[in-house]
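Observations on the model geometry
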Amino acid sequence: MNVLVVGTGAREHAICESLKDDVELFSYMSNKNPGIAKIATFKQGNEGEVEKVAKYAEEKNIDIAVIGPEGPLGKGIVDELEKHGVSCVGPNIEAAKIETDKSFMRKLFEDYRIKGSVIYKVFDNYEDIVEFLDDFDRDAVVKPVGLTGGKGVKIVGDHLKDNQEAKTYAKEVMETKMGGFPQVIIEERLIGEEFTVQAFCDGNNLAAMPVAQDHPCAFEGGRGPITGGMGSFSDNNGILPFLTQDDYESSVDIMKDTLTAIKNEASPYKGILYGQFMLCEDGPKLIEYNARFGDPEVMNVLPLMKTKMIDVCEAIVDGNLKKISFEEKASVCKYLVPDGYPETKFANMPIKVDEDKINSLGAKVFYAAVNQKDDGIYTTSSRALGVVGIGNSLPDSEAIAEEACKYVSGNLYHRKDIGTTELIQKRIRHMKEIRD
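Along each chain, residue indices are assigned from 1 in the same order as the chain's sequence is written. Given that the model is predicted, a residue must reach a pLDDT of at least 70 before its local features are reported, and side-chain atom pairs must reach 80 or more before they are shown or counted; all residues, however, enter totals for whole chains, interfaces and linings. Working from all heavy atoms in the structure, the side-chain values ignore hydrogens and water.

**Here's the deal with the packing of aromatic side chains**
Two aromatic rings from Phe, Tyr or Trp, using only the six-membered ring of Trp, form a pair when their centres are within 6.5 Å; if the ring planes differ by under 30 degrees the pair is stacked, by over 60 it is edge-to-face, and anything between is tilted. Tallied over the entire structure, the rule returns six aromatic pairs. Between Y28 and Y56, the aromatic rings sit 5.6 Å apart at their centres with planes inclined by 65 degrees, giving edge-to-face as the arrangement. Separated by 28 residues along the polypeptide, Y28 in strand β2 (residues 24–29) and Y56 in helix α3 (residues 50–59) bring together distant segments of the chain. By the burial criterion, Y28 is buried, and Y56 matches it. In this structure an aromatic cluster arises from ring pairing among F123, F132 and F136. Above the plane of the ring of Y126 lies K171, whose end atom (NZ or CZ) is 4.9 Å from the centre. Only lysine NZ and arginine CZ atoms are considered, and such an atom sits over a ring when it is within 6 Å of the ring centre and within 35 degrees of the ring normal. Against the face of Y378 rests K373, its NZ or CZ located 4.5 Å from the ring centre. Numbering of helices and strands runs from the N terminus; a helix is a DSSP stretch of H or I covering at least four residues, while a strand is a stretch of E covering at least two. Exposure classes here rest on a 1.4 Å probe applied to the protein chains alone. A residue is buried below 20% of its type maximum, exposed above 50%, and partly exposed in between.

Right, here's the structure in full:
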């Protein structure tokens, strides 16, 4: 079977690795990802030029396309590929609004009375924002309505001093049409611990994956600006140490109800549904959905899959998805990024990666925003690569990941605290305080 993976980052590298042994693998990517280039026939090009991607898929007789990033989904890449007879793992443009239009997502929760929603309001003028925030008796979260690569959200208490600063930022989001919309969403700030549930969907059925926790802040201790994610971890029992099985099942139920609502209001949702949740005093609340795998969380779950990825892809497009099985192992992902990230001065710098040494430790490396040139691998201004340690426990996995990071050299930085016992105990204590 000919399978095309669209996208150029670590997420797409992880998808390609999960498919490579069972298919004829093709890639359409903007930069030359060294990990993907070794295992796939590839073409370099802008993934957002969906007609060109579809033409390439037609030329290569592609049977199934797996769409990695959200940008092409928002431009209708699935609709275009399906016109050319290519089945897709990824939602069409209407169903993808669950990520590309946050106001659509919140209205679904409201109209279908789906549990786990938050207080929110969508604005298109500054006067209403001022009136709302003057009467808002809690800290606010300001979000662009559209896509901003995980970097447009600002939270009072973390990035904004108070709701007065929230007004200023909301005005900036609206006036600059950040995310492509002249609108902004203001939500209540949730107190708790974030976690991620990713699930395969075939339009009617949903198969959930192990839980992971992302670390979106740039610096150790959860400080600094929100980035695309500095690393993540998952535990050997499929949930996290601060979660209960009931918490997990409640989250999956929310996602199942969402799947039904999307089908009724837009189109059957086929692909990956990513739920970002906050575990609060009264249970899980939905922060937002993504219409594709999380990056870095994909690197925690796909290496643990016992079910073949191609079988899952076929089940998604055929509409007969069943339960997916995973190894009972833990995983810790640490992202290496250019020094100073996200405001780095070290773009386009060479790095060296000893893949053999990393693999010998029981770790894996997934290349992200790098570019392979004739004389080596070079960074961009974004995240360079993810190193994943896999072991029988979280301490084992963290130690493997940290050791593996030593075999990547260059002007790079990574958060050493991700997956450590100290950080995880802090999460456990935090949730105990909230629930007590």
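**Considering the sheet that holds strand β9 (residues 184–188)**
Through backbone hydrogen bonds, the strands of a sheet pair up, either in parallel or in antiparallel fashion. The pairing criterion is simple: DSSP has to find at least two bridges between the two strands. If you trace the four strands from one edge of the open sheet to the other, you get β6-β9-β7-β8, paired in antiparallel fashion. In the strand order of this sheet, the two ends are held by β6 (120–123) and β8 (154–155), each with one partner. Note on contacts: a residue pair is in contact if any heavy atoms of the two residues lie within 4.5 Å. Where helices are involved, their axes are fitted lines through C-alpha atoms of the stretch in contact, as for all axes, and angles between N-to-C directions lie from 0 to 180°. Relative to β6, helix α7 (residues 102–111) is tilted by about 140 degrees, and along the sheet it contacts β6, β7 (140–144) and β9.

**Examining the environment of E314**
With respect to the secondary-structure elements, E314 resides in helix α12 (residues 309–318). Judged by relative accessible area, which is 29%, E314 ranks as partly exposed. With 132 residues separating them along the chain, E314 and P182 place their C-alpha atoms 39 Å apart. Residues in contact with E314, not counting those within four places in the same chain, are M1, I64 and N320.

**Some details on helix α8 (residues 126–135)**
When α8 is considered as a whole, its buried residues turn out to be I129, F132 and L133. The arc that holds every buried residue of α8, seen down its axis, measures 90 degrees, which confines them to one face. Across from the buried face of α8, at angles greater than 90 degrees, the exposed residues are E127, E131 and D135. Where the residues of α8 are buried, they touch β6, β7, α9 (163–175) and β9. What qualifies as a polar contact is a pair of N or O atoms within 3.5 Å, subject to a donor-acceptor requirement within protein and to the restriction that residues adjacent in sequence count only when both atoms come from side chains. Sitting at the amino-terminal end of α8 is N125, which places a side-chain oxygen 3.2 Å from the backbone nitrogen of E127. Here the arc refers to the set of directions running from the helix axis out to each C-beta atom.

**Quick look at the sheet that holds strand β1 (residues 2–6)**
The parallel open sheet is built from five strands, whose spatial order is β3-β2-β1-β4-β5. Edge strands, defined here as strands with exactly one partner in the open sheet, are β3 (41–44) and β5 (87–89). Each strand axis lies, on average, 20 degrees off the axis of its neighbour in the sheet, ignoring direction. Of the strand pairs in this sheet, β1 and strand β4 (residues 64–67) are connected by four bridges, and their pairing is parallel. Each residue of the ladder has a partner; that of V3, found in β4, is I64. Sitting on the sheet, α3 is in contact with β1, β2 and β3, with an inclination near 160 degrees to β2.

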